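Listed below, chain by chain, are the residues.
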Amino acid sequence: MLYKYEHTTPVGEIVIAATEEALVLCDWKCNRHRLNSQKRIEEYFGEKFREEKNETIEKTIVQLREYFEKKRKEFDIPLLLIGTEFQKRIWKLLMGIEYGETIAYSTLAERHGDKKAVRGVAQAVGKNPISIIVPCHRIIGKNGTLTGYAGGVETKNKLLNIEGITLL
């Protein structure tokens, strides 16, 4: 079964969704891509979300709280990434970016193996359905500036501040 729950964090409202086995969505309520992600997940499983928490969602909430309290640098929640093969490769690369580290989109494209794929990489980053845990907030502009973020640039800055990074 698919479960979905809206949760308020210190930096904004998120929607968390999971199966019994894995987290499938942790996205900003304000994200323009979120509804498309939800639809893609429902189509993948052939069912609709139930508006309630389950054990995976509860564990996610606990670990997010620990992250915001600066008591957690890594998450150990099982994930199920639902997207294109290209998107999943990029999202897995995002998980290799350490807490407190930032890299440019161009660096991520190089890590993917195609430095000319910056635009495609940026689009995949923007459609990441599991924010914070798959840390797309750690991607910045080549010149070291904050760039767009599904939860808003101010939220991105706050997440980076939690990790000890000051850009604004």
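Residues numbered from 1 in each chain as written. Predicted model: local features only at pLDDT ≥ 70, side-chain atom pairs only at ≥ 80, totals over all residues. Heavy atoms only, no water.

Asker: Would you mind going over the packing of helix 4 (residues 105-112) against helix 5 (residues 118-126) in detail, with residue names and values included?
Answerer: Where helix 4 contacts helix 5, the two axes come as close as 9 Å, and the packing angle between them is 100 degrees. In terms of axis orientation, helix 4 runs roughly perpendicular to helix 5. On the side of helix 4, the interface is formed by Tyr105, Ser106, Leu108 and Ala109, while helix 5 contributes Val118, Val121, Ala122 and Val125. Considering only residue class, the contact of helix 4 with helix 5 consists of seven nonpolar, one polar and no charged. (Axes fitted to C-alpha atoms, helices over the stretch in contact; angles between N-to-C directions. Helix = DSSP H or I, 4+ residues; strand = E, 2+ residues; numbered from the N terminus. Parallel < 35°, antiparallel > 145°, perpendicular 65-115°, else oblique. Contact = heavy atoms within 4.5 Å. Nonpolar A, V, L, I, M, F, W, Y, C, P; charged D, E, K, R; others polar.)

Asker: Account for the pattern of salt bridges, naming residues and giving values.
Answerer: Under the criterion given, the structure shown has 13 salt bridges. Residue Glu163 is joined to Arg138 by a salt bridge in which the shortest nitrogen-to-oxygen separation is 2.8 Å. Here Glu163 is found in the segment after helix 6 (153-162), whereas its partner Arg138 is found in the loop between helix 5 and strand 6 (139-140), with 25 residues between them in sequence. What makes Glu163 buried here is its relative accessible area of 7%. Note on Arg138: relative accessible area 5%, which makes it buried. (Salt bridge = Lys/Arg side-chain N within 4 Å of Asp/Glu carboxyl O. Buried < 20%, exposed > 50% of the residue type's maximum accessible area, 1.4 Å probe, protein only.)

Asker: Tell me what's going on with the environment of Gly46, and back it up with residues and numbers.
Answerer: Following the sequence through the fold, Gly46 ends up in the loop between helix 1 (34-45) and strand 4 (49-50). Considered as a pair, Gly46 and Met1 are 45 residues apart in the sequence and their alpha carbons are 9.9 Å apart.

Asker: Give me the lowdown on the pairing of strand 1 (residues 2-9), citing residues and values where you can.
Answerer: In the sheet, strand 1 pairs with strand 4 via two bridges, with the strands oriented parallel. Residue pairing across strands places Tyr3 opposite Arg50, the latter belonging to strand 4. Relative to strand 2 (residues 12-18), strand 1 runs antiparallel, the two being bridged by seven bridges. Looking at the pairing, Thr9 lines up with Gly12 of strand 2. In sequence, strand 1 turns back onto strand 2 through a hairpin of two residues. (Pairing = 2+ DSSP bridges.)

Asker: Describe in detail the nonpolar core, supporting the description with residues and values.
Answerer: In terms of nonpolar packing, the biggest core is built from 38 residues, with Leu64, Leu94, Val125, Ile132 and Leu159 touching the most fellow members. Residue assignment for this core shows that the elements contributing at least two residues are strand 2, strand 3 (23-28), helix 2 (55-68), helix 3 (85-94), helix 4, helix 5 and helix 6. Sequence-distant contacts of Leu94, defined by excluding residues within four places in its chain, comprise Leu108, Val125, Asn128, Val134, Pro135, Cys136 and Ile139. Among the nonpolar cores identified, the runner-up in size contains eight residues, and Leu2, Val24, Leu25 and Phe49 belong to it. (Core = buried A, V, L, I, M, F, W, Y, C linked by side-chain atoms within 4.5 Å.)

Asker: Can you tell me about the side chain of Asp27, naming the residues and giving the values?
Answerer: Within the secondary structure layout, Asp27 lies in strand 3. Buried within the structure, Asp27 lacks any salt-bridge partner; its nearest side chain of opposite charge belongs to Arg34, at an N-O separation of 5.7 Å. Look past the residues within four positions of Asp27 in its chain and what remains in contact with it is Glu13, Ile14, Val15, Arg34, Asn128, Pro129, Ser131 and Ala150. (Lys, Arg positive; Asp, Glu negative; His and termini not counted.)

Keep in mind these numbers describe shape, not what the thing actually does.
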